[in-house]
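# Notes for the structure review
Here is what each chain is made of, one letter per residue.
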Amino acid sequence: MKGQPDVKDLTMDTGVQQMLEKAREEGIETAFDRAAKMTQCGFGSQGVCCRLCLEGPCRIAPKGKGPQRGVCGADADTIVARNLYQHVMQGTSSHVEHAREIVHALIETIEGHAPYQIQGTDKLKCLAQGLGIDIEGKEINQLVKEVTAKALEDFQKQHGTLNWLKLKSHEKNFQNWEALNLLPENAHAEIAKSLARTVMGADSDPANLLMGTVKLSLVDGFAGLHMSTDLQDVMFGTPRAVKAQYRLGVIKKDMVNIAVHGHVPLLAEKVVEWAGKLEGEAPKVGAQGINIVGVCCSGNELLMRKGVNVATNYASQEMPIITGALDAMVVDIQCIMPGLQQVAQCYHTELITTIPYSKISGATHIEFSTEKADEAAREIVMRAISNFTKRDPNKISIPEEITEAYAGFSVEQIVEALSAVNKSDPLKPLVDSIASGSILGAVAIVGCTNPRRKQDKYNVELVMELIKNNVLVVATGCSAHSLGKFGLLSPDGLKYCGEGLRGVLTAVGQANGLPALPPALHMGSCVDNSRIADLLSALAGYLNVGVKDLPVAGSCPETHHPKALAIGTYFLASGVDVHVGVNPQVTGSELVTNVLTAAKEDFPITTDALFGGKIIYEEDSVKAAELIIERIKMKRKALGI
Ligand code: XCC
Ligand code: SF4
């Protein structure tokens, strides 16, 4: 078709390019096509469009040329701050709901109503102790009961603060937040208060709104990310290093292929279990077996704990269907494009939604509940098997490329790997390498891919630039998938590292019987950004400094989801610089921009001054790497190294 962008400009992934060509030939529209057609609203892009009440929508004209206040009198600063707050609210409520699901699944499990087993007993004991529970002589079920009761308090208590915040925050951060009156009482109250606070005619002081946003982000961090990860580890075990494969080539022509997509592993784990149990059914329809592949963060959860292969990441989630060989795509919550059904209906693929509050019109809905987890998973797998017979052979074309990758780097696994170098003091080799300059610092590459940006390019380029400069990289989410696809989660990627970093990764790898550790350590899904926070707290504790003093940063080069803004704000509040490669829709307010980016040094309040972390907004990955490294060097200097 004329005027369409070259597929090579849309994604770095050649398999995805191939599928985009196929989609065009077959007349199928994808997210990349829709992104190309959708012109972005100039007001919305800067965050100055307000539709909070029926006097509006109102929008503030840029550069003073036109109305400078909404009908109610709200100015650009108020509107931008409220919009950011609401984005963070969306992210926070997503993660908090995720955590709450896991709490209930654990409770139902010990009450005998849900077909799961408590696999992470060490983690359970460790959490229980941290929460002040006496573990002496108690059965596992009793400990789960007491730990989940502490978790439920984080949705209910009317005074004090979140148990998980007390459990997981670094002492210096806790003191700072307490002094600034930022400690949330409970997750639900804070979300409700945030909604009440950002309605028309409530809080309109932009600085106050920004502090509210930070307070809410602590709910995201502790009652969302940390609680989800911790309790998932209790249920399914803490991840350990695994080897797996990446790219669309993991879809197998002669097997029943099921893609698992979404976020909460409760369903995904069951689908894997039932695929194993029903393996014998596949030959009855002429298939050689059942092949589960991951997409997005459900993919991450299964990769981390089960070594399940990953087909693709966010922006290209339609592509597994376009191979013509996907027999079912089963989804739960978040990041699931409604457009999937449009694509699925052009093939034999059955799109299956499972969560009552996340349905897609036209898709099959098989209700998943923890009580009925087995029945639902069994039905899903059986349907996929029967769909195998409905394939159209003329429509099948699977890209061949496959990349090898390692994942499963929980904090526990990282510490264990380091123990092989120094058993009595595992963090010492890492800290020594940082002090000597062999490792300059560490950066977490997090977040997504976004159909508006060339897929994988910015994630990969940034990492290449960082590791070349001896910066250690850890990764989560769909950006980790980008790295996996391009060999950066494999020791093969070592050739891109600077000498110092390469030396350390090789030494630690060899102490563990591997040729080397990969240049980027895959730490999990987006909720597993909590693992990164844990690692930073441990390092800061070891060095007896604040998290804000560490030569580290976070970066989301290709994000698309408001969840990333919630996570990013939590990291800012914890004293970590956060680079964003995608327009965060705040540039319409000089005040908000200055508070977050500390662009003007003499600005009265900045997150940098309050917490020790700031936003670096830079779309170019090479320039971003320079800016990140500059800050890392500044923090090194302050540490005297
Ligand atoms: Fe979604 Fe988590 Fe982003 Fe991927 S990385 S696109 S948020 S699935 Ni979380
Ligand atoms: Fe307009 Fe104010 Fe209503 Fe927003 S809250 S739509 S700025 S009148």
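Computed from a prediction, not measured in an experiment: that's the story for all the values here.

The rules we used
- Residues numbered from 1 in each chain as written.
- Chains lettered and ligands numbered in written order.
- Predicted model: local features only at pLDDT ≥ 70, side-chain atom pairs only at ≥ 80, totals over all residues.
- Heavy atoms only, no water.
- Helix = DSSP H or I, 4+ residues; strand = E, 2+ residues; numbered from the N terminus.
- Buried < 20%, exposed > 50% of the residue type's maximum accessible area, 1.4 Å probe, protein only.
- Polar contact = N/O pair within 3.5 Å; in protein donor to acceptor, adjacent residues only side chain to side chain.
- Contact = heavy atoms within 4.5 Å.
- Donors = N, O, S within 2.8 Å, 3.2 Å for Na, K, Ca; no water.
- Domains from an automatic or database assignment.
- Buried area = accessible area lost by both parts, 1.4 Å probe.
- Salt bridge = Lys/Arg side-chain N within 4 Å of Asp/Glu carboxyl O.
- Near = heavy atom within 4 Å.
- Nonpolar A, V, L, I, M, F, W, Y, C, P; charged D, E, K, R; others polar.
- UniProt positions renumbered as here; feature names shortened; annotations may be inferred.
- Phe/Tyr/Trp six-rings, centres within 6.5 Å; stacked < 30°, edge-to-face > 60°.
- Lys NZ or Arg CZ within 6 Å of the ring centre and 35° of its normal.
- Expected span 1.5 Å × (residues − 1).
- Patch = residues over 30% accessible without salt bridge, like charges linked within 9 Å, V, L, I, M, F, W, Y side chains within 5 Å.
- Areas by Shrake-Rupley, 256 points an atom, 1.4 Å probe, with all protein chains shown as cover.
- Lys, Arg positive; Asp, Glu negative; His and termini not counted.
- Charge placed at Lys NZ, Arg CZ, Asp CG, Glu CD.
- Pairing = 2+ DSSP bridges.
- Axes fitted to C-alpha atoms, helices over the stretch in contact; angles between N-to-C directions.

Okay, the side chain of Ser 45 next. Mapped onto the elements of the fold, Ser 45 is located in helix α3 (residues 42-46). Note on Ser 45: relative accessible area 18%, which makes it buried. A polar atom in the side chain of Ser 45 sits 2.7 Å from the backbone oxygen of Cys 41. With sequence-adjacent residues up to four places away left out, Ser 45 is seen in contact with Gln 40, Asn 583, Gln 585 and Thr 587.

Of all protein atoms, Cys 526 (SG) alone acts as a donor to the nickel atom of ligand 1, lying 1.6 Å away. As for its position among the elements, Cys 526 is in the loop between β13 (520-524) and α21 (529-543).

Right, let's talk about the domain arrangement of the protein chain for a bit. Domain annotation for the protein chain reports domain 1 (80-236), domain 2 (248-395) and domain 3 (404-639). Domain 2 and domain 3 are separated by 32 Å when their C-alpha centres are compared. Taken together, the contact pairs 17 residues of domain 2 with 25 residues of domain 3. Summing both sides of the interface, domain 2 and domain 3 together bury roughly 1,500 Å²; the carbon and sulfur share of this comes to 61%. Ranking the residues of domain 2 by area buried against domain 3 places Met 304, Asn 313 and Tyr 314 at the top, with a combined share of 39%. Between the two partners, domain 2 and domain 3, sit zero salt bridges.

Turning our eyes to something else, we now look at the site of ligand 2. Every residue close to ligand 2 is listed here: Cys 50, Leu 52, Cys 53, Glu 55, Gly 56, Cys 58, Gly 70, Val 71, Cys 72, Arg 82 and Met 200. Among the residues forming the shell around ligand 2, the class breakdown is seven nonpolar, two polar and two charged.

In the region of ligand 1, 13 residues are neighbours, and His 263, Cys 335, Cys 448, Cys 478 and Cys 526 sit closest. Where the shell around ligand 1 is concerned, the elements lending two or more residues are α12 (296-306) and α19 (477-485). Taken together, the residues of the shell around ligand 1 sort by class into seven nonpolar, five polar and one charged. Each of domain 2 (248-395) and domain 3 (404-639) accounts for three or more of the residues forming the shell around ligand 1.

What follows concerns the UniProt feature "binding site: [4Fe-4S] cluster 1" (unreviewed entry) in the protein chain. With numbering matched to this structure, UniProt assigns "binding site: [4Fe-4S] cluster 1" (unreviewed entry) to Cys 41 and Cys 49. In this structure, Cys 41 sits in the loop between α2 (31-37) and α3. Classification of Cys 41 as partly exposed rests on a relative accessible area of 43%. Position of Cys 49 relative to the elements: it lies in strand β1 (residues 49-50). Beyond its immediate stretch of four places on either side in the chain, Cys 49 contacts Phe 43, Gly 44, Cys 58, Arg 59, Ile 79 and Asn 83.

Let us look at the packing of aromatic side chains. Counted under the stated rule, the structure contains four aromatic pairs. Seen from their ring centres, Phe 222 and Tyr 570 are 5.3 Å apart, and the 80° between their planes marks the pair as edge-to-face. Of this pair, Phe 222 sits in helix α10 (residues 206-236) while Tyr 570 sits in helix α22 (residues 562-573), and the two are 348 residues apart along the sequence. In this pair, the class of Phe 222 matches that of Tyr 570, namely buried. Arranged with centres 5.1 Å apart and planes meeting at 65°, the rings of Tyr 570 and Phe 571 form a pair that is edge-to-face. Feature note: the residues Trp 177, Phe 222, Tyr 570 and Phe 571 constitute an aromatic cluster, connected by ring pairs. Looking at Arg 247, its charged tip hangs above the ring of Phe 486, at a distance of 4.8 Å from the centre. Across the ring face of Tyr 458, the terminal group of Lys 457 is positioned such that the distance to the ring centre comes to 5.0 Å.

For the rest of this paragraph, the subject is the pattern of salt bridges. On inspection of all chains with the given rule, the structure shows 37 salt bridges. Bridged by salt links that share partners, the residues Lys 123, Asp 233, Glu 301, Arg 305, Glu 412, Asp 528 and Arg 531 form one connected network.

We now examine α22. The terminal C-alpha atoms of α22 lie 17 Å apart, and with twelve residues this matches the ideal 16 Å at 1.5 Å per residue to within 8%. Looking at the residues trailing α22, positive phi occurs at Gly 575, about 95°.

With that out of the way, let us pick up a negative patch on the surface. Together, Asp 6, Asp 9, Glu 21 and Glu 25 line one region of the surface with negative charge. By the secondary structure assignment, Asp 9 is in the segment before α1 (14-25).

Here six strands make up an open sheet; going across it, the order is β13-β12-β11-β14-β15-β16 and the pairing parallel. Two strands lie at the open edges of the sheet, namely β13 and β16 (615-617), each paired on one side alone. Strand-to-strand twist of the sheet, defined as the mean angle between neighbouring strand axes without regard to direction, takes the value 25°. Note: strand β15 (residues 577-580) against β16, three bridges, orientation parallel. Note on β16: the bridge partner recorded for Val 580 is Tyr 617.

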